[in-house]
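Architecture and fold: a report
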Amino acid sequence: MENIKAYVQQHKDRFINELIELLKIPSVSADTAYSQDVIDTAEAVKESLSKAGCDFVETCDTPGYPIIYGEKIIDPKLPTVLVYGHYDVQPPDPMELWTSPPFEPVIKTTEIHPEGAIFARGACDDKGQMYMHVKALEYMVQSNTLPCNVKFMIEGEEEVGSASLAWFVERNQEKLKNDVILISDTGMISNQQPSITTGLRGLSYVEVEVTGPNRDLHSGLYGGAVANPINILAKMIASLHDEDNHITIPGFYDKVQELSTEERAEMAKAPFSLEKYKKALDLNDVYGEKGYVTNERNSIRPTLDVNGIWGGYQGEGAKTVIASKAFAKISMRLVPNQDWHEITELFTKHFTSIAPAGVTVKVTPHHGGQGYVTPIDSVGYQAANKAYTETFGVPAIPVRSGGSIPIVALFEKELKSKTILMGFGLDSDAIHSPNEHFGIFNYLKGIETIPLFYKYFVELSK
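In this report, the structure presented in the accompanying data block is examined. All values reported here derive from a predicted model rather than from experimental measurement.

What follows is about empty space enclosed by the protein. Empty space among the atoms becomes visible once a probe the size of a water molecule is rolled across them. Within this structure, the stated rule accounts for two cavities of 30 Å³ or more. Roughly 50 Å³ of internal volume is contained in the largest cavity. Lining the largest cavity are G251, F252, D254, K255, N337, Q338, D339, E342, I343 and L346. A per-class count over the lining of the largest cavity returns three nonpolar, three polar and four charged. Reported here for the second largest cavity is a volume of approximately 40 Å³. Lining the second largest cavity we find Q257, L259, I300, V335, P336 and R400.

A few words now on the nonpolar core. By size, the foremost hydrophobic cluster in this structure holds 65 residues, and its most contacted members are V81, Y443, F453 and Y454. For this core, the secondary structure elements donating two or more residues are helix 1 (2-23), helix 2 (35-52), strand 3 (80-86), helix 3 (127-142), strand 6 (149-155), strand 7 (180-183), helix 11 (379-392) and helix 13 (440-461). Ranked by the residues each element gives to this core, the list is headed by helix 13, at 11 residues. The next biggest cluster of nonpolar side chains, apart from the first, holds 26 residues, and it includes L240, A326, F351 and V363.

Here helix 3 crosses helix 13 at 55 degrees, and the two axes come no closer than 8 Å. Judged on the interaxial angle alone, helix 13 and helix 3 are oblique. The handedness of the crossing between helix 3 and helix 13 comes out as right-handed. Where helix 3 approaches helix 13, its residues G128, Y131, M132, H133, K135, A136, Y139 and M140 are matched on the opposing element by N442, Y443, G446, I447, I450, P451 and Y454.

The next point concerns the packing of helix 1 against helix 13. The packing of two helices is summarised by the inter-axis angle and the distance between the axes. Look at helix 1 against helix 13: their axes get within 10 Å of each other, and the N-to-C directions meet at 130 degrees. By the criterion of interaxial angle, the relationship of helix 1 to helix 13 is oblique. In the crossing of helix 1 with helix 13, the sense of the turn from one axis to the other is right-handed. Across the interface between the two elements, I4, K5, V8, K12, F15, I16 and L19 of helix 1 pack against I440, Y443, L444, I447, E448, P451 and L452 of helix 13.

Calculation criteria
Residues numbered from 1 in each chain as written. Predicted model: local features only at pLDDT ≥ 70, side-chain atom pairs only at ≥ 80, totals over all residues. Heavy atoms only, no water. 1 Å grid on protein atoms, 1.4 Å probe; cavity = no way out; pocket = protein on both sides within 12 Å on 5 of 7 lines; lining within 4 Å. Points joined across faces, edges and corners; volume = space filled by probe spheres on them. Nonpolar A, V, L, I, M, F, W, Y, C, P; charged D, E, K, R; others polar. Core = buried A, V, L, I, M, F, W, Y, C linked by side-chain atoms within 4.5 Å. Buried < 20%, exposed > 50% of the residue type's maximum accessible area, 1.4 Å probe, protein only. Helix = DSSP H or I, 4+ residues; strand = E, 2+ residues; numbered from the N terminus. Axes fitted to C-alpha atoms, helices over the stretch in contact; angles between N-to-C directions. Parallel < 35°, antiparallel > 145°, perpendicular 65-115°, else oblique. Left-handed = near helix turned anticlockwise from the far one by under 90°. Contact = heavy atoms within 4.5 Å.

Below you can see the structure in the form of structure tokens.
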């Protein structure tokens, strides 16, 4: 452990500068204007894996953005760890809310990160966390302490559904054969209390379009006489929850697994301050499904949220029109056993059925994925817990995340191996939001901890 710490301290400035250079490339997969930047980022990742010590690295073409594959096989008889990460990032919008440009990384101190944090889009999700694994490999190669085989699979479409990754995994099962999959694309409770994510929610993401008249109309001449698509859409969306914030789509909860009182009690042991939670978000109260506390609402319960809504005139000043169309983007976070294809069908059937006469409704599915739960008695979980315990001084707490990594369930189906989610980010890191950041402490602590996972995984696998 002291050797790892010494290596990280010796090279920390270089580690930070290398990550900053990677963060400067605006690899926004959702916007085709950034296509070349996404490809440039893939090449940068490829080069970093080669320099870190992979014996073989290649750019794998897919129907979409390329996947970077790398490996270092020291003995086929030894266990193999497959590291997954992604090099694409979320769009930076709204730009005006950033305190510094999203692709011009800067280090700032905060109350939570007194030693500094890197502010940039992708700092935590997922370039910073992915790059920890590259630097951990570098340490193990340089110190001749790599105890097993390692493979890397780094993709460029995670933020838009990972369609090409599914295509790639299905066609490369032998290449990707492994004993455990290691991912850092989640978080932990705090810098004092590590945690291991044992569950992820699934996702169904759709776009809806409500159409009324064949053109925008004068709101004085036609108001009250024809259906206003924006008014109608607002009513339809409002009806998707009842007074207890229960989702009203018929069949939506049919396959939702209710956790036992004992399981909920175990979850409640994780440190959580409701007052601090509200203060951090400038809220006077929390809001959600009746009968569940905050940490259950955002992890073990399904949700439905509007992610964007628009229509009509949005320019400066007034324009008195009844819009021809109104739109919304809606995401549903799902819990294990809920099939995202089935939920998308249930949503589509229900949403079109509640449209009143005078409008037509179109539902366009975008992407989705299944939820996932990993057991805490597996060798992989135990190895991760021992690694965290050694670097943080306290055991990790198992937690379920409200987020989604749709490909985790795909990995288990296609590659027949469990995934361990060793996240080092914090809830306050503003991923997907303006001013995303990643603590220097967290970044370096990840590089320290990951090699210990390899060590303990090999020891416990014997």
